[in-house]
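# Breakdown of the fold
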Amino acid sequence: MHRFDTSAKGVYLITVTPFTDTGALDLASTDRMVDFCLDRGVTGLTILGIMGEATKLTAQEAKDFTRQVVQRVGGRVPIVVGVSAPGFAAMGELTQAVMDLGASGVMVAPPGTVRTDDQITAYFDMVNETLGAVPWCLQDHPVATGVQMSAPVVLRILNNSPHCVMLKHEDSPGLAKLSAVRAASEKGQLKRVSILTGNGGGLFLPEELSRGADGAMTGFAWPEMMVDVVAAHARGDVERAHDLFDAYLPLARYEQQAGIGLAVRKHLLHQRGAIASAFVRKPGPRLSAQDLVDMERLVRRQDARLRELGQ
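A short tour of the structure in this document, coming up. This one's a predicted model, so the numbers in the text were calculated from it and none came from an experiment.

Thresholds, definitions, all that
Residues numbered from 1 in each chain as written. Predicted model: local features only at pLDDT ≥ 70, side-chain atom pairs only at ≥ 80, totals over all residues. Heavy atoms only, no water. Helix = DSSP H or I, 4+ residues; strand = E, 2+ residues; numbered from the N terminus. Expected span 1.5 Å × (residues − 1). Contact = heavy atoms within 4.5 Å. Core = buried A, V, L, I, M, F, W, Y, C linked by side-chain atoms within 4.5 Å. Buried < 20%, exposed > 50% of the residue type's maximum accessible area, 1.4 Å probe, protein only. Axes fitted to C-alpha atoms, helices over the stretch in contact; angles between N-to-C directions. Parallel < 35°, antiparallel > 145°, perpendicular 65-115°, else oblique. Left-handed = near helix turned anticlockwise from the far one by under 90°. Nonpolar A, V, L, I, M, F, W, Y, C, P; charged D, E, K, R; others polar. Polar contact = N/O pair within 3.5 Å; in protein donor to acceptor, adjacent residues only side chain to side chain.

Spacing of three or four residues puts side chains on the same side of an α-helix, whose turn is 3.6 residues. Here helix α3 (residues 88-101) contains 14 residues, and its C-alpha end-to-end distance of 20 Å stays within 8% of the 20 Å for a straight helix at 1.5 Å per residue. Residues of α3 that are buried make contact with α2 (59-73), β3 (79-82), β4 (105-108) and α4 (117-131).

Printed below as a string of structure tokens:
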């Protein structure tokens, strides 16, 4: 099993959860999806996230899906599992189950019930008690959680959490927060943790890499975009990183529409052969005929631009 620690970098792809056309968990398609991701060079997988429809799975389905992903990955890359839950009993139970199955670590976001700085930090003190020595990732995604964690609060949480090895940074706008966290570690005010960025498809990925991010932890129907952008930036070819990112940006932006984004991503993954069905469990959006026309045009233009770039 690959270690999940503060040295994590690259692209930890947030996966979708494949279902059949009738809405059943599709484990055969899960294997297909894992292969698709690994073939495109991702350095890790993150499952049961917000875009993985985790809240629509039963407890048993979450374990079955994790088992299937772990078995298919076969130790080739780290696997992080989202375990956020309203109560700590459920969080602890799922954490124990997925770690026993072979996960590398877990990810936790704050619940919408915490509001003040003291409430937020007290909540994560209880997360530390619940998870024990399990390595974990702090997810900062205020658009989804409704919880605003300022840079000082994030620093307090990280300093109080010896086994928190990563910040999943997806506040927007959030470049200043990212800079503040990285500066704190450079000044010795904070242990250096891995910072991987979200913002769906990495909508600010080149800028985030320039601010000190170690890579991306998000989803997109073209994971190779993030892989290639991170690689170009790491070798110092920043302009190439921006050129590649710009080629994919219209489609990445289209995926980020509120309400239909997951349906867009699943449709595109289905079109690319990564999953057998684009089914989204209820409550979930449906795409219109015009949505399909839009995507066809965007894919065509993206392909043309990539050819111009020799990609």
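Picking up where we left off.
Attention shifts here to the nonpolar core. Ranked by size, the top nonpolar core spans 89 residues in total, and within it Leu 45, Val 108, Phe 124, Trp 136, Leu 138 and Met 149 carry the most contacts. In this structure Leu 45 touches Tyr 12, Leu 13, Thr 15, Val 34, Cys 37, Val 69, Val 73, Val 77, Pro 78, Ile 79 and Val 80, once residues within four positions along its chain are discounted. Of all hydrophobic cores here, the second largest spans eleven residues; its members include Phe 4, Ala 8, Ile 14 and Cys 137.

Let's shift gears to the packing of α2 against α3. Where α2 meets α3, the closest approach of the two axes is 9 Å, and the angle between their N-to-C directions is 25°. Taken together, α2 and α3 sit at an angle that is classed as roughly parallel. Here the hand of the crossing between α2 and α3 comes out right-handed. Taking contact as the criterion, the partners of Ala 62, Lys 63, Thr 66, Arg 67 and Val 70 in α2 are, on α3, Glu 93, Leu 94, Ala 97, Val 98 and Leu 101. Each residue belonging to the contact of α2 with α3 can be placed in one class, and the counts come to six nonpolar, one polar and three charged.

Moving on: the side chain of Glu 61. Tracing the sequence through the fold places Glu 61 in helix α2. By relative accessible area, which is 16% here, Glu 61 ends up buried. A distance of 2.7 Å separates polar atoms of two side chains, one belonging to Glu 61 and the other to Arg 281. Each residue touching Glu 61, except ones within four places of it in the same chain, is listed here: Leu 25, Lys 56 and Arg 281.

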